Amino acid sequence: RYKRYCFGVVAIRKTLMDDLAAKLTRVCERVVKDPSVQPKDGKTHCDWAVHLICSQMGYREFADDSMTANSIYDKVEKEWSKVTAQWASEYANSGGLAMAAQKGQPHGHVAMLCPGEMVFSGKWQELVPLIANVGKTCSIVGVNYGFSTKPDYFVLAKAKETMLPLPSSKET
């Protein structure tokens, strides 16, 4: 009985994670098409897109209109966990909030990761996560199309110790 019960709990958890990932995918796809995030008069709105995606997923800490990409970076650097690209991608695949972020002058760039398989970047010669990129162009793309150099990755988790470890991608 215990094994059957444990399997049921695991199956329920996987179903909930799949539902969250499907919701996150729909939210990302909807936001990149939202008229309020499209570039206007030479201005782009990655900060607003991050707010929209996060708030629709239940996280409303970027609601302040004065938040810029650089201030969002500062906030997640303090309050989220910094992780690798692979870890961030797996976290998004489970329906968790994961962000690619980079500070810059006069402004930086932020983008939420979307669930999906990592794609190969010829530019960086490695696998990269998918992002809901809002900038000069707005679409779901590999992170290498939204950032000129490799960004930092963050996930919404209090501490790395609370997250499950990723399986090793090394083949034996």
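Residues numbered from 1 in each chain as written. Predicted model: local features only at pLDDT ≥ 70, side-chain atom pairs only at ≥ 80, totals over all residues. Heavy atoms only, no water.

**Some words on the pairing of strand S6 (residues 152-155)**
Direction of pairing for strand S1 (residues 81-83) relative to S6: antiparallel, over a ladder of 3 bridges. Bridged to Lys82 within S6 is Phe154. As defined by bridge partners, strand S2 (residues 98-102) adjoins S6 across 4 bridges and the pair is classed as antiparallel. If you follow Ala100 over to S6, its bridge partner there is Tyr153. (Pairing = 2+ DSSP bridges. Helix = DSSP H or I, 4+ residues; strand = E, 2+ residues; numbered from the N terminus.)

**Describing the pattern of salt bridges**
Tallying each qualifying case throughout the model produces 5 salt bridges. Glu61 is the salt-bridge partner of Lys75, the closest N and O atoms lying 3.8 Å from each other. With a gap of 14 residues between them, Lys75 in helix H3 (residues 69-79) and Glu61 in the loop between helix H2 (46-56) and H3 connect regions that are remote in the sequence. Classification of Glu61 by relative accessible area gives partly exposed; the value is 44%. Of the charged contacts in the structure, one is a salt bridge between Lys75 and Glu79, with a shortest N-O distance of 3.1 Å. A residue pair is termed a helical-turn pair when its members lie 3 or 4 positions apart in one helix, as Lys75 and Glu79 do in helix H3 at 4 residues. A relative accessible area of 17% means that Lys75 is categorised as buried. Through salt bridges with shared partners, a single ionic network connects Glu61, Lys75 and Glu79. (Salt bridge = Lys/Arg side-chain N within 4 Å of Asp/Glu carboxyl O. Buried < 20%, exposed > 50% of the residue type's maximum accessible area, 1.4 Å probe, protein only.)

**Brief notes about the sheet that holds S1**
Strand order across the open sheet formed by 6 strands is S1-S6-S2-S3-S4-S5, with antiparallel pairing between neighbours. Sheet topology places S1 and strand S5 (138-142) at the edges, where each strand pairs with a single neighbour. Taking the axes of each pair of neighbouring strands and ignoring which way they run, one obtains an average angle of 40 degrees across the sheet. Note that S2 and strand S3 (residues 109-121) share 4 bridges and pair antiparallel. By the bridge assignment for S3, Met99 is matched with Met112. Most of the contacts of H2 go to S3, to which it runs at about 75 degrees, and overall it touches S2, S3 and strand S4 (126-134). (Axes fitted to C-alpha atoms, helices over the stretch in contact; angles between N-to-C directions. Contact = heavy atoms within 4.5 Å.)

**Thoughts on the packing of aromatic side chains**
Throughout the structure, instances matching the rule amount to 4 aromatic pairs. Ring plane angle 80 degrees and centroid distance 5.5 Å describe the contact between Tyr59 and Trp80, whose orientation is recorded as edge-to-face. Here the residue Tyr59 occupies a position in the loop between H2 and H3, and Trp80 occupies one in the loop between H3 and S1, the gap between them amounting to 21 residues. Since its relative accessible area comes to 11%, Tyr59 is described here as buried. The exposure class of Trp80 is buried, given its relative accessible area of 5%. Considering the side-chain rings of Phe62 and Trp80, the 6.1 Å spacing of their centres and the 40 degrees angle between planes classify their relative orientation as tilted. Here the residue Phe62 occupies a position in the loop between H2 and H3, and Trp80 occupies one in the loop between H3 and S1, the gap between them amounting to 18 residues. Each member of the pair, Phe62 as well as Trp80, is classed as buried. Members of the aromatic cluster, joined through ring pairs, are Tyr59, Phe62 and Trp80. (Phe/Tyr/Trp six-rings, centres within 6.5 Å; stacked < 30°, edge-to-face > 60°.)

Shape is all these values report; function is a separate question.
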